[in-house]
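If you want the building blocks of each chain, they are given just below.
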Protein chains: 2
Amino acid sequence: MSVGIRHDDLRRRNRAMVISAVRRAGQPSRTEIAATTGLSHSTISAISADLIQEGILAESKASETVSLKRGRPQVGLSLNPQAAAVLAVVLSLNFLSVAVIDYAGQVVAEEQRRLDTLTMSRDALIGECVAIVRRRLEDPDLDVQSVARIALAIQGITDSHARAMLWSPITPQTNIAFADILEREFGIPAIMENDCNMMAVALRWRHPDRYRDDFIAILLSHGIGMGLVLKGELFTGTHSSGGEFGHMIHRPGGALCRCGRRGCVEAYAGNYAIWRNARLLSENAEPVADVSDAEMRALAARARETDGPEREAYRKAGEALGFGLGSLFALIDPAPVAMVGASAAAFDLIEPALREAIAQTAGGQHSGSISFDTEPNELPLIREGCAMRALSFVDQEIFAPSIQARAGSVGKNVA
Amino acid sequence: MSVGIRHDDLRRRNRAMVISAVRRAGQPSRTEIAATTGLSHSTISAISADLIQEGILAESKASETVSLKRGRPQVGLSLNPQAAAVLAVVLSLNFLSVAVIDYAGQVVAEEQRRLDTLTMSRDALIGECVAIVRRRLEDPDLDVQSVARIALAIQGITDSHARAMLWSPITPQTNIAFADILEREFGIPAIMENDCNMMAVALRWRHPDRYRDDFIAILLSHGIGMGLVLKGELFTGTHSSGGEFGHMIHRPGGALCRCGRRGCVEAYAGNYAIWRNARLLSENAEPVADVSDAEMRALAARARETDGPEREAYRKAGEALGFGLGSLFALIDPAPVAMVGASAAAFDLIEPALREAIAQTAGGQHSGSISFDTEPNELPLIREGCAMRALSFVDQEIFAPSIQARAGSVGKNVA
DNA sequence: TCTATTTTTTCGAGCCTCGAAAAAATACTG
DNA sequence: CAGTATTTTTTCGAGGCTCGAAAAAATAGA
């Protein structure tokens, strides 16, 4: 059962709230923070004095915005970039990237690498990840002491504790506890997240107006992934990262999916499925390992030109996505949808059939009001989500810890 | 954004926690409460002294359990039955029932009534609900002042604020703001809940070991409903009660559903669908309004006897439920399932096809470990859930209010 | 230079929780 | 049956936290 609130929790939570208000608002004054948090000015004053003294926040000296109002000008508070740093590692098909991000959220260094993830051994895969992190940590420009968190996003299913990859389409290996491995290797807290969940996290930071409490991010790529935010919280399954939208059943016993089952949404809407249908191959044909983006673009071009099998393939994809979304909407009610990934560039080919399908489902009552945005580039989004996830952890777990072990904290080695 | 924690919230939350600990544990001693909440003995002592003084809790005088241990015997704390009362109203097809429940959760009065909900006018339907509540409130044995909450459960879709029925299969009427109507009529806070959600709430109270953080309650009746608890919280949609499992799409363009659409799970697994298939009627045949329980029992009996269309009808029902659950499991991961309602008595006919279908879906990896319980009687469950929902509200909103307006509270008119 | 205005800090009051010690209530012991 | 051991509950002072009010700080306008 949930635990009572101890007296010291109070300060901890309010500290976290102030930090989070600053991260969200950019350069809010103490008065603004008091307004958004509902706490009194005196409390905000006390907490921010602590945070500044600890080197977590800083006052923005420059009164860049010329104060037009009378009275004492507001002093903006901002995150001290040097207070900490985090690493965002993204592992996707044949591709590994890492970015070092300062406490204010700016990328300070990055590195990318092509791999052959599908054929690599378990040790090689782990080795590459460890190595790329090590290279970044050995960068003389980086104060290793300040690195407070490593977040690794992977295409595939992760466990609900954000420790391990359970299964992934990018490698035959399963059950790799990346978070534990990195933690042991570098002594830095690490987490392992699902890539689509990180897309959703990033969208929430990028467009807080459009994507706030309830929305859906769908990755249209070789496979179909989903990140879901409900009631302002990232939705995960009870045991895994969950939200395996691509493997909801569209047609029982239908087309062969990459996962080995039949009739999944992905078996109609994933790149390999569109490719398979466009070539008029059997639905039982083994999914191909990879279709290049160029090839998909050519497919889309042909679909736009003539009403041939390519157009029909996209239509089928739209239908599968539409019925899938319809079933999803039956459970969670309609919400804004962001279509992310290379195939989002072909969303014009997908949308008509998708809307038609949705109209036949429980979500159909609102089909007019359902809006779709597209964002063809998933990688920056995933990295950004990863970084924000890691930074939020630092905000809450390190700079607002439950124990008063504030001495020796990462923030200390500043000013 | 979320709001900071004020100093007075602290006491409020801890009060709520103590009350909730007592409601859950039955007659816990102060020491036990301290252990489960993690608060100190002194705090528990102070809070429970307040609560006893206010007439919310009471010490169980009788040391019924002969203390076998040395030392000062524990004094059990219990809820004072007279501290408040709530009304649980359940409106289902052709049936209206109300129960008065004391603060300790015991039914102290009840009344039931047959109606013809399908043909009643809007005003008549509202009138019946208001009237049955009025009769209970006019009961001389009841202290009207102590009635702190009315909870109304209805088969159908309610809004996410628990104010109104949006749509229901039991009446052609839509958008009835029952909660507002009852509140205005009687001046007592009211809520409007979905029946299947209340089933889930009740299961959680009844079997906290089996149904705690994540589970699914499915109503197998004329229609198919679902109540879902995820991460210990009742799951609702973003705009409505959500969880319309029965209207997830099983077969695009398939059998005609009561909701007017095609291929919903319900169009294969609802009583009317089983009946339709058992009679070898077309999948396009208009769903019948009602099939009596006796008729369904006869159908089930025939299905058990011979391998005819009846058995096939149940098989199809199982298949639809299985693929539906499989898609659901793709989103939320597998969880224990309780099958509730008259047709749960025929679950033996449904289960084989259901398991076979699930095995073909993303949930299939765990198909062996998924357990199903059956509970044929939904009404007591719904009422119980309704009552607990209302009582929890009293616990938290009235007996642990955010403002210190403790004078004049309902608890005051006791001792 | 003085006044009005707005932001931020300071200060004392009021709560709340906690730990330690005391008090209360019982079982065991000889 | 009195004394001791044991367990539960209450009491009490200390320490923290937030709050409101007042003071201080910082600026624009007169």
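Residues numbered from 1 in each chain as written. Chains lettered and ligands numbered in written order. Predicted model: local features only at pLDDT ≥ 70, side-chain atom pairs only at ≥ 80, totals over all residues. Heavy atoms only, no water.

You'll find chain A entered in an unreviewed UniProt entry as Sugar kinase of the NBD/HSP70 family, may contain an N-terminal HTH domain, with Mesorhizobium muleiense given as the organism. As stated in UniProt under Sequence similarities (unreviewed entry), the record for chain A gives "Belongs to the ROK (NagC/XylR) family." (UniProt positions renumbered as here; feature names shortened; annotations may be inferred.)

Moving on, we come to the protein's contact with DNA strand C. Inspection of the region around DNA strand C gives 29 residues, with Arg6, Thr31, Ser45 and Gly71 of chain A together with Thr43 of chain B positioned closest. Counting only atoms of DNA strand C within 4 Å of the protein, the sugar-phosphate share comes to 72%. Separating a phosphate oxygen of DNA strand C from a side-chain N or O atom of arginine 6 of chain A is a distance of 2.6 Å. Within the contact set of DNA strand C, a phosphate oxygen lies 2.9 Å away from a side-chain nitrogen or oxygen of arginine 30 of chain A. If one sorts the elements of the surface near DNA strand C by residue count, helix 1 (residues 7-25) of chain B sits on top with four residues. Residues belonging to the surface near DNA strand C are distributed by class as follows: five nonpolar, 15 polar and nine charged. (Near = heavy atom within 4 Å. Polar contact = N/O pair within 3.5 Å; in protein donor to acceptor, adjacent residues only side chain to side chain. Helix = DSSP H or I, 4+ residues; strand = E, 2+ residues; numbered from the N terminus. Nonpolar A, V, L, I, M, F, W, Y, C, P; charged D, E, K, R; others polar.)

Lining the immediate environment of DNA strand D, one finds 28 residues, of which Thr43 of chain A together with Arg6, Thr31, Ser45 and Gly71 of chain B sit closest. Between DNA strand D and the protein, one listed contact pairs a base nitrogen with a side-chain N or O atom of histidine 7 of chain A at 3.3 Å. Take arginine 70 of chain B: an N or O atom from its side chain is 3.3 Å from a sugar or linking oxygen of DNA strand D. When residues of the surface near DNA strand D are traced back to their parent elements, those giving at least two are helix 1 (7-25) and helix 3 (41-53) of chain A together with helix 2 (30-37) and helix 3 (41-53) of chain B. The element that contributes the greatest number of residues to the surface near DNA strand D is helix 1 of chain A, accounting for four residues. Of the residues assigned to the surface near DNA strand D, the class counts are five nonpolar, 14 polar and nine charged.

This part is about the interface of chain A and chain B. Taken together, the 51 residues of chain A in the interface contact 51 residues of chain B. In total, chain A and chain B occlude about 4400 Å² of area from one another, counting both sides; carbon and sulfur atoms represent 60% of this. Along the contact surface separating chain A from chain B lie 21 residue pairs in polar contact (both at pLDDT 80 or more). If you list the elements that add at least two residues to the side of chain A that touches chain B, you get helix 1, helix 2 (30-37), strand 11 (224-230) and helix 10 (309-332) of chain A. Among the elements that take part in the side of chain A that touches chain B, helix 1 of chain A stands out by supplying eight residues, more than any other. The class makeup of the residues in the side of chain A that touches chain B is 21 nonpolar, 21 polar and nine charged. (Contact = heavy atoms within 4.5 Å. Buried area = accessible area lost by both parts, 1.4 Å probe.)

Residues and elements named next belong to chain B. Helix length check: helix 1 (19 residues) gives 28 Å between terminal C-alpha atoms against 27 Å at 1.5 Å per residue, within 8%. All of the buried residues along helix 1 are Asp9, Leu10, Asn14, Arg15, Ala16, Met17, Val18, Ile19, Ser20, Ala21, Val22 and Arg23. Immediately downstream of helix 1, the backbone of glycine 26 shows phi near 95°, a positive value. (Expected span 1.5 Å × (residues − 1). Buried < 20%, exposed > 50% of the residue type's maximum accessible area, 1.4 Å probe, protein only.)

Attention now goes to the pairing of strand 4 (residues 95-102) of chain A. A regular strand places its side chains on the two faces of the sheet in alternate fashion. All names here are of chain A. In terms of burial, strand 4 is largely enclosed, as eight of its eight residues are buried. Because side chains alternate across strand 4, one face comprises the buried residues Phe95, Ser97, Ala99 and Ile101, and the other comprises Leu96, Val98, Val100 and Asp102, equally buried. Both strand 3 (residues 85-92) and strand 4 contribute to a ladder of eight bridges, which runs antiparallel. Among the inter-strand pairings, leucine 87 is bridged to a residue of strand 4, identified as valine 100. Where strand 3 folds back onto strand 4 in an antiparallel hairpin, the turn is made up of two residues, including asparagine 94, whose phi is positive at roughly 60°. Alignment of strand 4 against strand 5 (residues 107-114), held across seven bridges, turns out to be antiparallel. (Pairing = 2+ DSSP bridges.)

Residues and elements named next belong to chain B. Spatial strand order, 5-4-3-6-9: five strands in an open sheet with mixed pairing. The open sheet has two edge strands, strand 5 (107-114) and strand 9 (190-194), and neither has a second partner. Between one strand axis and the next, the sheet turns by 15° as a mean value, whatever way the strands run. The strands that helix 4 (residues 122-137) touches are strand 3 (85-92), strand 4 (95-102), strand 5 and strand 6 (147-154); relative to strand 5, the one it contacts most, it runs at about 150°. Seen against the sheet, helix 6 (residues 195-206) touches strand 6 and strand 9 and runs at an angle of roughly 95° to strand 9. (Axes fitted to C-alpha atoms, helices over the stretch in contact; angles between N-to-C directions.)

The next thing to look at is the environment of glutamate 319 of chain A. Residues and elements named next belong to chain A. Along the chain, glutamate 319 turns up in helix 10. Remark: the alpha-carbon pair of glutamate 319 and arginine 355, spanning 36 residues in sequence, is separated by 8.1 Å. Setting aside its immediate chain neighbours within four residues, glutamate 319 contacts His250, Arg251, Ala353, Leu354 and Ala357.

On to the sheet that holds strand 12 (residues 233-234) of chain A. Residues and elements named next belong to chain A. Across the sheet, which stays open at both edges, the five strands sit in the order 12-11-10-13-14 with mixed pairing between neighbours. Every other strand in the sheet has two partners, leaving strand 12 and strand 14 (372-375) as the edge strands with one partner each. One ladder, built from two bridges, connects strand 11 with strand 12; its direction is antiparallel. Paired with valine 229 across the strands is leucine 234, a residue of strand 12. On top of the sheet, helix 10 reaches strand 10 (215-220), strand 11, strand 13 (337-340) and strand 14; it is set at about 155° to strand 10, its chief contact. Against the sheet, helix 11 (residues 347-359) engages strand 10, strand 13 and strand 14, with an angle of about 150° to strand 14.

Below, the discussion takes up unusual backbone geometry. Residues and elements named next belong to chain B. Backbone geometry places alanine 162, a non-glycine residue, at a positive phi of 60°. Positive phi, close to 70°, is recorded for aspartate 333, a residue that is not glycine. By secondary structure assignment, the location of aspartate 333 is in the loop between helix 10 (309-332) and strand 13 (337-340).

Here the focus is the domain arrangement of chain A. Residues and elements named next belong to chain A. Each assigned domain of chain A is listed here: domain 1 (7-79), domain 2 (82-198 + 380-408) and domain 3 (210-377). Taking only C-alpha atoms, the centre of domain 2 and the centre of domain 3 are 28 Å apart. Each partner contributes to the interface: domain 2 provides 18 residues, whereas domain 3 provides 20 residues. At the boundary of domain 2 with domain 3, total buried surface from both sides reaches about 1400 Å², with 59% on carbon and sulfur atoms. Three residues, Ser160, Cys196 and Asn197, lead the burial of domain 2 against domain 3; their summed loss comes to 36% of the area buried on that side. The tally of links from domain 2 across to domain 3 stands at zero salt bridges. Inspection of the region where domain 2 meets domain 3 yields three residue pairs in polar contact (both at pLDDT 80 or more). (Domains from an automatic or database assignment. Salt bridge = Lys/Arg side-chain N within 4 Å of Asp/Glu carboxyl O.)

In this structure glutamate 319 of chain B comes out as buried when scored by relative accessible area, which is 18%. At a separation of 3.1 Å, a polar atom in the side chain of glutamate 319 of chain B contacts the side chain of arginine 251 of chain B.

This part takes up the relation of the copies chain A and chain B. In the superposition of chain A on chain B (RMSD 0.1 Å, axial shift 0.0 Å), the rotation amounts to 180°. Viewed as a symmetry operation, the transformation between the two copies matches a two-fold axis. Closest to the rotation axis within chain A is the C-alpha of arginine 251 of chain A, separated from it by 3.1 Å. When you check the interface residues of chain A against chain B, 100% turn up at the interface there too, and the contact is symmetric in its surfaces. (Least-squares fit on C-alpha atoms with pLDDT ≥ 70 in both.)

This next bit is on the pattern of salt bridges. If you walk through the whole model with that rule in mind, you get 48 salt bridges over all chains. Put simply, aspartate 9 of chain B and arginine 12 of chain B hold a salt bridge, and the shortest N to O gap is 3.2 Å. One end of the pair, aspartate 9 of chain B, and the other, arginine 12 of chain B, are both in helix 1, three residues apart, so they sit about a helical turn from each other. Classification of arginine 12 of chain B by relative accessible area gives partly exposed; the value is 24%. Arginine 135 of chain B is the partner of glutamate 111 of chain B in a salt bridge, and the nearest nitrogen-oxygen pair spans 2.7 Å. In this pair, glutamate 111 of chain B is assigned in strand 5 and arginine 135 of chain B in helix 4, connecting sequence segments 24 residues apart. Each of Glu111, Arg135, Arg136 and Asp139 of chain A takes part in one network of salt bridges that share partners.

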